[in-house]
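# Geometric and topological summary
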Amino acid sequence: MNGTTEQELRSIELFLYREARYADEHDYDAWEALWTDDALYWVPADEDANDPRTQVSVIYDNRNRISTRLKQLRTGKRYSQSPPSNLRRLLTNIEVLGVDKGDTVVGANFFVAESRERGTQFWAGRVTYHLRIVDGEFRMSYKKVKLVDSDRALPTMAFLI
Amino acid sequence: MSLLDDHVVTGTGLVDEDTGRGRFRVHRCAMTAPEVLNRELAEIFNRCWLYVGHTSEVTEPGDYVRRSVGGRPVFMVRARKSGQVKVFHNTCPHRGAVVCRADTGNTKIFQCFYHAWTFDTEGRLTGMPGRDAYEGGADFAELSLREVARVEEYRGFVFACYDPEAVDLVTYLGQAREYLDLVVDAMGEPEIVAGSNQYSINANWKLLVENSIDGYHGPSTHDTYIKYIVSQGTDIRSGAGGGNAGYDLGNGHGVIEYGAPWGRPIAKWDPLFGENARPGMEQTAQDLARRFGESRGHAMTHTNRNLLIFPNLVINDIMAVTVRTLMPTAAGHVEVNAWQLAPRDEAEDVRAQRLDSFLTFLGPGGFATPDDLEALESCQQGFASGGVEWSDISRGMGRDRAKHDDEEQIRAFWRQWQAVVEGSAR
Ligand code: FES
Ligand SMILES: [Fe+2]
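What counts, and where the lines are drawn
Residues numbered from 1 in each chain as written. Chains lettered and ligands numbered in written order. Predicted model: local features only at pLDDT ≥ 70, side-chain atom pairs only at ≥ 80, totals over all residues. Helix = DSSP H or I, 4+ residues; strand = E, 2+ residues; numbered from the N terminus. Rg over C-alpha atoms; globule rule 2.2 N^0.38 Å. Buried ≥ 20, exposed ≤ 12 C-beta atoms within 10 Å, placed from the backbone. Contact = placed C-beta atoms within 7 Å. Nonpolar A, V, L, I, M, F, W, Y, C, P; charged D, E, K, R; others polar. Domains from an automatic or database assignment. Pairing = 2+ DSSP bridges. Axes fitted to C-alpha atoms, helices over the stretch in contact; angles between N-to-C directions. Core = buried A, V, L, I, M, F, W, Y, C linked by C-beta atoms within 7 Å.

### Some points on the overall build of chain B
When helices and strands are tallied, chain B shows 13 helices and 21 strands. Computed over its C-alpha atoms, the radius of gyration of chain B comes to 23 Å, within 12% of the 22 Å expected for a compact globule of 426 residues. Considering only C-alpha atoms, chain B reaches an extent of 75 × 60 × 35 Å along its principal axes. By the burial criterion, 50% of the 426 residues in chain B qualify as buried. When contacts within chain B are restricted to residue pairs at least 6 apart in sequence, long-range pairs at least 24 apart make up 64% of them.

### Describing the interface of chain A and chain B
Facing 27 residues of chain A, the contacting portion of chain B comprises 30 residues. For the side of chain A that touches chain B, the elements supplying multiple residues, two or more each, are strand 2 (57-62) and helix 3 (63-74) of chain A. When residues in the side of chain A that touches chain B are grouped by element, the largest group, four residues, is from strand 2 of chain A. Here the residues of the side of chain A that touches chain B are counted per class, giving 13 nonpolar, eight polar and six charged.

### Some points on the domain arrangement of chain B
Residue and element names in this part refer to chain B. Here chain B is partitioned into domain 1 (50-165) and domain 2 (175-387). Computed over C-alpha atoms, the centres of domain 1 and domain 2 are 32 Å apart. With 12 residues of domain 1 at the contact, the number on the domain 2 side is 11 residues. Among the elements that take part in the side of domain 1 that touches domain 2, strand 3 (residues 50-54) stands out by supplying three residues, more than any other.

### Overview of the environment of Gly386 of chain B
Note on placement: Gly386 of chain B falls in the loop between helix 12 (369-383) and strand 21 (390-392). C-alpha separation for the pair Gly386 of chain B and His333 of chain B, spaced 53 residues apart in sequence, amounts to 19 Å.

### Some words on the sheet that holds strand 1 (residues 35-44) of chain A
Residues and elements named next belong to chain A. Strand order across the open sheet formed by six strands is 2-1-6-5-4-3, with mixed pairing between neighbours. Each end of this open sheet is capped by a strand with a single partner; those strands are strand 2 and strand 3 (86-100). For this sheet, the mean angle separating the axes of adjacent strands, direction not counted, is 20°. Bridging between strand 5 (residues 119-134) and strand 6 (residues 137-147) involves 10 bridges; their strand directions are antiparallel. Considered in strand 6, the bridge of Tyr129 is made with Lys143. Across the sheet, helix 1 (residues 6-24) touches strand 3, strand 4 (103-116), strand 5 and strand 6, and the angle it forms with strand 3 is around 145°. The sheet contacts of helix 3 involve strand 1 and strand 2, and relative to strand 1 the element is tilted by about 75°.

### What about the nonpolar core?
Residue and element names in this part refer to chain B. Ranked by internal contacts, the top residues of the largest apolar core, which has 156 residues, are Leu50, Val52, Met76, Phe159, Ala160 and Leu208. Counting residues domain by domain, this core receives three or more from each of domain 1 (50-165) and domain 2 (175-387). The contacts of Ala160, once residues within four sequence positions are left out, are Leu50, Val52, Val69, Val74, Val87, Val148, Arg150 and Val151.

Here is the structure:
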C-alpha cells in the first residue's frame, strides 16, 4: 500500500511471524498478550459469511472468550488438544491493505501442517489482521481466518489457527 | 473373526440383549466392518426417512438448496407454480450431469450446462437445443427431473425417502413427533439460521448417534466447559429436579430430557446472556406458560432435550437448538452437517446471544464438541486393538424408569438398527 515503508512492512512481518510461532508452539500466555482488549477472533463457517452476529461461525471470540479458550487449553483437560497438535505454519503474500478505524489492515495467505494421532491435516486460507500500536508495540485487534475449504467438512479445530 | 464371518454379511447377531442378566451389548464389528456399512446403505439409508432441510430455507417461489441426503446429491426447491416443496435427484435425465451446482439460490429454471437442457422449478423439461432432432417421439415427460420417491414434511421439517413402499412420515416419526412439537411450539415460527457447520470425524457414524443422546459423558468429557459456565455465574444446580429421563420412543427414535444446567435462549435467562436480555426472556417464559400451561411451558423453556430421529437426524435443544445430520462415507468416517433453528421473529441481540451460546459449546471450534469428536475417534482407535469384541450399553437396564444419563435411548437406536439391518423391520 502507498505510504508503507519497507521498514514498516518488515516490522509487521516480524510481528506476524511471532504470532504464528506462539500459536504453533502453544505458548498461550505470549499469544494472549498480543491481543488488544477489544479483540475479535473469527473463523467463518461459510465461504461468503459476512456477519457473525446473524450467521453460524466456527469461532467467533471476543477478548473474554479468547481468554476462556486459552484457559481451557491450559487445564490439560481440553481432550481434543491433549496431547496438543504438532503444528507448523507458513505465512506468505503479506500485504498492507489499508487502515480501518486507525488500525492497520494486513492480509496474508497461510498454510498449516497439523500432526495428531488421527493423522496429518493441512489447513490453508486467507488471514486478515488488524494491527494497532499500543505502548510502542504492535497488538492485534482482529484476526479473521478464512479457510479455503470452509464449505467442506472440517476436522476438529481445537488448536489456535 | 468367527462372528465376523458368520454375521457381518447378513448383519444379524451384532446386537445382543439379555434382559434376564441386564446386559445389552453391541459387537464392535458393527463399527468397523465395511460389509456392515454396505448393509446400512442398502437397508437404512435407502429405506428410512431422512431429513433434507427446513421449509424456512425455501420460503420464496424458486428458492432452492442443494443437499447430500443419504450420501446422494439432491436439491430441494419451492416450485413456482404449485408452491410445493420438491426434492429432486440432482442428475440430468439426459446423460447424468449434476443440474443444480450452487448450494443455495433462487431461480426460474434449472439448466444443465452440459447440453443445455432446461427444467422449470416443477421439474418439467421445458427446452433443449435442437428439439427437432427428437421428433422420433421422445417422451418429454419421462425426461423431466426425477423426484425422490417420497417427500413429506412435518411442521417445517422436510424428509425424503428413497423407498416408494415406506410408511408415511407421521407414522414413521411416531412418538418422536411430540418432542418435535415442543421445539416448534416454543419458537412459534422457527427458521434455520444462515450458515452451517460441517465437520468430519474419523469414527463410525453410530458412535456419534450414541454421543448425541448420551447424558452420561457430560460431567467427564465436558468438565472444562462446565467449570467455565460456573465461572461465568451459571448456577448448574438450577437444572436439578428437572425430571431427568431417557426414553425409547419406538421405531429407533430416542430422547433424553433433563433440567437445563445452563441458560437457554428460549427462555431460561443466564448471566451469559447479559442483564439486558433478562426482562425479554422472562417475559417469553411467562407467555409460553400462559399459552401452553405451566408444565409444558416449563418443558419448553427450562428442559433440555437431545432427540434422535432414526437413523441420522439429531435435534439438540440445549444452549441453542441444533439440527444435525450425519452420514458415513466409510466404516471409520462420518460427515456432519449442523444447522441452527431459531424463532423467525427473534430480536437481533437475542439472536446474536443465541449464536454465541451455540459457539460456546458446539461446532468444530466450540468448547465442547471437539472433545466429543476426540472421544469418538479415540473409541474407533481403541477398536483396532481387538481383544474386546463387544461394547457394553447396559447402563440403567434394571431401572423402572431410565434416567437421562442411562443408556435406554441408545438401546432404542440399536434395537431398531438391528431389526432394519437384518431386514426384520420390514
Ligand atoms: S447431460 Fe444434461 S443436458 Fe446433457
Ligand atoms: Fe458431548
